[in-house]
Structures are given as structure tokens and as C-alpha cells.
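The primary structure of each chain is shown beneath.
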Amino acid sequence: MKNEKERARQERLKRQRRRKKQLERAIRAQAIHCDRLASLHPTGIVSFDLELAGPFPDDIIEIGALRLDLSTDTVECFQRLCRPRTFINRTVQDMTGLLKEDLRHEKTLPETLPGFLDFVRPDDIVVGHAIGDNDLLSINLALLRINRDQHTEICFYPRYLDTVRLAQQFLPKNHKYNLEVLLESFGWQNREKHRALADAVASYVLLQELLELGRCKPAWLPDLMTRRGGPELVHTYLKRLPDA
């Protein structure tokens, strides 16, 4: 009996690894290269970030995003907290200030995630820091669980720009590529570290700086600081360093 249970467990782990690799391949296929940017015609740009409970990559406790529609001059924001499926580990508590007790009255991820998926339009490009390896995978792993429970077939494979990969391309001599270090190299500092909307704003500002540095900023990419409500949003979450 014990051997049968162990074989079943190993088979289950193999299936999970196969599904994860399939998701990773599907996500990587949507990565945008700089030489293609000028020829694209998105409807909008969404910069987003997630905060996780810690132990499991699909246990999302916060989603933060901003959307710049190319047909208007406004900025839309999306920010939701989610009740964790498991527990929030000590590291995440210290980084975010979020406790499980604080989130016990929030909606669950299956209730919250559809709102974010609707926030991102089909022809939008999404932006984020390490989203190709982390955030997009977390969402699709969560969708696997939701699809299984609700008998649906939802996936999230948008075209995307990853600011980590852009930084590795344009700043190859850097030793660190975390968001805070890269922001400071361009004269910015995050006021509120490790919260989803703050990091989404920071990722968009970093994207603009990196594309300017690489001389591949497309004409259609909106400048957040010239958008209605953009400067207030930036200065709420970021500040200029004195020598910038």
C-alpha cells in the first residue's frame, strides 16, 4: 500500500512538472523583442505586479496594475487584496506588512482574478519585472487550479515586456537586476517596497528608462508623466534621488 501511494505521488509530481514546463514554453513564446516594438499596434499597456503568500507560487495575495490606453490620455489602476489559500510566511509579512488576519475578509483569488483578466484587453501589451519567469507563471498556475475546480479552460498568455530581460540586455555589466537597484541607477527610489501597485508603477517607469537607454522606445509608448493623473501616481510611489 505504501509503495502504491508513493508511486501515485511521484506520478502526480511528474504531471505537475510537465504542466509547468508547458506553461513556461507558452509564456516564453509571447515575449516581445525590442526590434519588433516599432511595428506593433497595441490597444494599451498594462504594467502589473503580484505579491505572493510565500510557500506556493499560485497563492497570490495582491494584484496591482496600471493601464495606459493608447486612445485616451488617462491612467486606470487596479489594486486588489486576496485571502490566501495557505499561509503568509514570515519573510512576506516583513516585506509587505500584510498578515493573514488582515486578509481574512478579502475575496479569494478565484473571485478576484477574473477582474484583473478583464482589466487587460486582448490586444494589450503587459509589462513587469521578471514577469516572464514569475508573475505570468503564477497566474497560469493559479488558473490550472481554478479551471480544475470550476471546469473552465482559462489561460493568460499576453504579449509582454520583461524589465529584467531588458536590463540584462542594456546593462550587461550590472551585478544585480532587482527592481530597487535598477531604479536607483536611473535616479528613482521606491517609497513603498514590495507592494503590488507600487512595484507596477516602478516597473513602468523603469521600462521607459531602459527603452530610452537602448534607443528603442517606440513612438506609441505613452509617457506616464504626461498622462492625466500620471505625475501624481508616480510621485505617490516613487521619489527622485537628490543627485538625479
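Details of the structure are given in the entry above.
What this report covers is the structure whose coordinates are included nearby. Keep in mind the model is a prediction, meaning the values are calculated, not measured.

With that settled, consider the overall build of the protein chain. A tally of helices and strands in the protein chain yields eight helices and seven strands. Rg of the C-alpha trace for the protein chain: 19 Å, near the compact-globule value of 18 Å for 244 residues, within the 12% margin. Structurally, the protein chain occupies a C-alpha span of about 65 × 40 × 40 Å along its principal axes. Looking at the protein chain residue by residue over its 244 residues, the buried ones come to 47%. When the accessible surface of the protein chain is totalled, it reaches about 13200 Å², and 49% of it is carbon and sulfur. When the 39 basic and 35 acidic side-chain charges of the protein chain are each reduced to a single mean position, those positions are 7 Å apart.

Take the side chain of Ser 138 next. Looking at where Ser 138 falls in the secondary structure, it is placed in helix 4 (residues 135–150). Dropping the residues within four chain positions of it, Ser 138 is found in contact with Leu 50, Leu 52, Pro 57, Asp 58 and Ile 60.

Bringing the pairing of strand 3 (residues 75–81) into the picture now. As defined by bridge partners, strand 2 (residues 60–69) adjoins strand 3 across seven bridges and the pair is classed as antiparallel. Residue Gly 64 lies in a different strand from strand 3, and its bridge partner there is Gln 79. What sits between strand 2 and strand 3 in their antiparallel hairpin is a turn of five residues.

Let us look at the pattern of salt bridges. Applying the stated criterion to the full structure yields 13 salt bridges. Residue Arg 145 is joined to Asp 58 by a salt bridge in which the shortest nitrogen-to-oxygen separation is 3.0 Å. With Arg 145 in helix 4 and Asp 58 in the loop between strand 1 (44–52) and strand 2, the pair connects residues that are 87 residues apart, well separated along the chain. Among the ionic pairs, Arg 148 bridges to Asp 149, the shortest N-O distance being 3.3 Å. Through salt bridges that share partners, Arg 67, Asp 69, Glu 76 and Asp 124 make up one connected network.

With respect to the secondary-structure elements, Thr 86 resides in the loop between strand 3 and helix 2 (90–96). On the basis of relative accessible area, Thr 86 is assigned to the buried category, the value being 16%. At 2.5 Å, the side chain of Thr 86 forms a polar contact with the side chain of Asp 59. In this structure, Thr 86 is in contact with Ala 53, Pro 55, Phe 56, Asp 59 and Lys 100, ignoring residues within four places of it in sequence.

A few words on helix 8 (residues 230–237). Within helix 8 the residues assigned to the buried category are Gly 230, Leu 233, Val 234 and Tyr 237. One side of helix 8 carries all its buried residues, which in axial view fall inside an arc of 95 degrees. Structurally, helix 8 contributes buried residues whose contacts are with strand 2, strand 3, strand 6 (188–190), helix 7 (196–213) and strand 7 (238–240).

Cut-offs applied
Residues numbered from 1 in each chain as written. Predicted model: local features only at pLDDT ≥ 70, side-chain atom pairs only at ≥ 80, totals over all residues. Heavy atoms only, no water. Helix = DSSP H or I, 4+ residues; strand = E, 2+ residues; numbered from the N terminus. Rg over C-alpha atoms; globule rule 2.2 N^0.38 Å. Buried < 20%, exposed > 50% of the residue type's maximum accessible area, 1.4 Å probe, protein only. Areas by Shrake-Rupley, 256 points an atom, 1.4 Å probe, with all protein chains shown as cover. Lys, Arg positive; Asp, Glu negative; His and termini not counted. Charge placed at Lys NZ, Arg CZ, Asp CG, Glu CD. Contact = heavy atoms within 4.5 Å. Pairing = 2+ DSSP bridges. Salt bridge = Lys/Arg side-chain N within 4 Å of Asp/Glu carboxyl O. Polar contact = N/O pair within 3.5 Å; in protein donor to acceptor, adjacent residues only side chain to side chain. Arc of directions from axis to C-beta.

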